[in-house]
Amino acid sequence: DDDEIDRETIMRSLAKERVSNPIVTATDGVAALDLLRGTESEPALEKPYIVILDWNMPRMNGLEFLEELRQDEALRETIVLVLTTSADETDIGDAYRHLVAGYIVKESAGREFLALIELLDVYWRVVELPA
């Protein structure tokens, strides 16, 4: 997420719900791919993980990120949940065509945001993720 306030809200909510998984953030799709793939100076992020993707990011938006992710043999099975401000039907359709596990509009989550974070925690603990 490129919005620092949204990123901090998510981090506080995860802490409030006592989600103990390590949390790694990136400000755009290019930085996220670098985290997942690794760079010359940093190793790739260790699997399993879940990507929470903002659709509207600078440099590489959510759709571009998904296209790149799904073409990468090592990353194509990554679990991705979209959490964004865009309620555009085209964006939603594009996301699901790129096999996201869910598409959540931030405004729709509203007061239920903590329940969403709890759902993510349960999802992480219950669902078997690819290694």
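Caption draft 1: Fine view of the overall build of the chain. Each helix and strand counted, the chain has 6 helices and 3 strands in total. Scanning the chain from its N terminus toward the C terminus, one meets helices and strands in the order α-α-β-α-β-α-β-α-α. Radius of gyration (C-alpha) of the chain: 14 Å, near the 14 Å computed for a compact globule of 131 residues. Overall, the chain is about 40 × 35 × 30 Å in size when its C-alpha atoms are taken along their principal axes. Here the contacts in the chain between residues at least 6 apart in sequence split such that 60% fall between residues at least 24 apart. On the chain, roughly 8100 Å² of surface is accessible, and the fraction owed to carbon and sulfur atoms is 51%. Side-chain charges of the chain comprise 13 positive and 28 negative groups, with the mean position of each set lying 4 Å from the other.

Caption draft 2: Spatial organisation of the pairing of strand β1 (residues 50-53). Taking every second residue as pointing to the same face, the buried face of β1 carries V51 and L53, while none of I50 and I52 on the other face is buried. On the question of chirality, the crossover connecting β1 to the parallel strand β2 (residues 79-84) by way of helix α3 (residues 62-71) is right-handed.

Caption draft 3: Region of interest: unusual backbone geometry. The omega torsion of the bond from K47 to P48 falls at 5°, within 30 degrees of zero and hence cis. You can see P48 is positioned in the loop between α2 (29-37) and β1. The backbone phi angle of L99 is positive, close to 65°, even though this residue is not glycine. As for its placement among the helices and strands, L99 is situated in the loop between α4 (89-97) and β3 (102-105). Of the residues examined, L99 reaches a relative accessible area of 62% and is grouped as exposed.

Caption draft 4: Molecular detail of the packing of α2 against α3. For the pair α2 and α3, the least separation of the axes is 9 Å and the interaxial angle reads 25°. Between α2 and α3, the angle is such that the two are roughly parallel. Helix-helix and strand crossings are classified by hand; for α2 and α3 the assignment is right-handed. Contacts from G29, A32, L33, L36 and R37 of α2 reach α3 at F65, E68 and L69. The residue makeup of the contact of α2 with α3, split by class, is 5 nonpolar, 1 polar and 2 charged.

Caption draft 5: How the structure looks around the confidence of the model for the chain. Per-residue confidence for the chain gives a mean pLDDT of 86, with 94% of residues at or over 70. Of all secondary-structure elements in the chain, the lowest mean pLDDT belongs to helix α5 (residues 106-109), at 71, while α4 reaches the highest, 97.

Caption draft 6: Region of the structure containing the environment of L75. Inspection of the secondary structure puts L75 in the loop between α3 and β2. Of the residues examined, L75 reaches a relative accessible area of 4% and is grouped as buried. For the pair L75 and G38, spaced 37 residues apart in sequence, the C-alpha separation works out to 12 Å. If near-sequence neighbours (up to four positions away) are discounted, L75 is found in contact with L33, L36, R37, Y49, L69 and R70.

Rules of the game
- Residues numbered from 1 in each chain as written.
- Predicted model: local features only at pLDDT ≥ 70, side-chain atom pairs only at ≥ 80, totals over all residues.
- Heavy atoms only, no water.
- Helix = DSSP H or I, 4+ residues; strand = E, 2+ residues; numbered from the N terminus.
- Rg over C-alpha atoms; globule rule 2.2 N^0.38 Å.
- Contact = heavy atoms within 4.5 Å.
- Areas by Shrake-Rupley, 256 points an atom, 1.4 Å probe, with all protein chains shown as cover.
- Lys, Arg positive; Asp, Glu negative; His and termini not counted.
- Charge placed at Lys NZ, Arg CZ, Asp CG, Glu CD.
- Buried < 20%, exposed > 50% of the residue type's maximum accessible area, 1.4 Å probe, protein only.
- Right-handed = clockwise from strand over helix to strand, strands pointing away.
- Axes fitted to C-alpha atoms, helices over the stretch in contact; angles between N-to-C directions.
- Parallel < 35°, antiparallel > 145°, perpendicular 65-115°, else oblique.
- Left-handed = near helix turned anticlockwise from the far one by under 90°.
- Nonpolar A, V, L, I, M, F, W, Y, C, P; charged D, E, K, R; others polar.
- pLDDT = per-residue confidence, 0-100.

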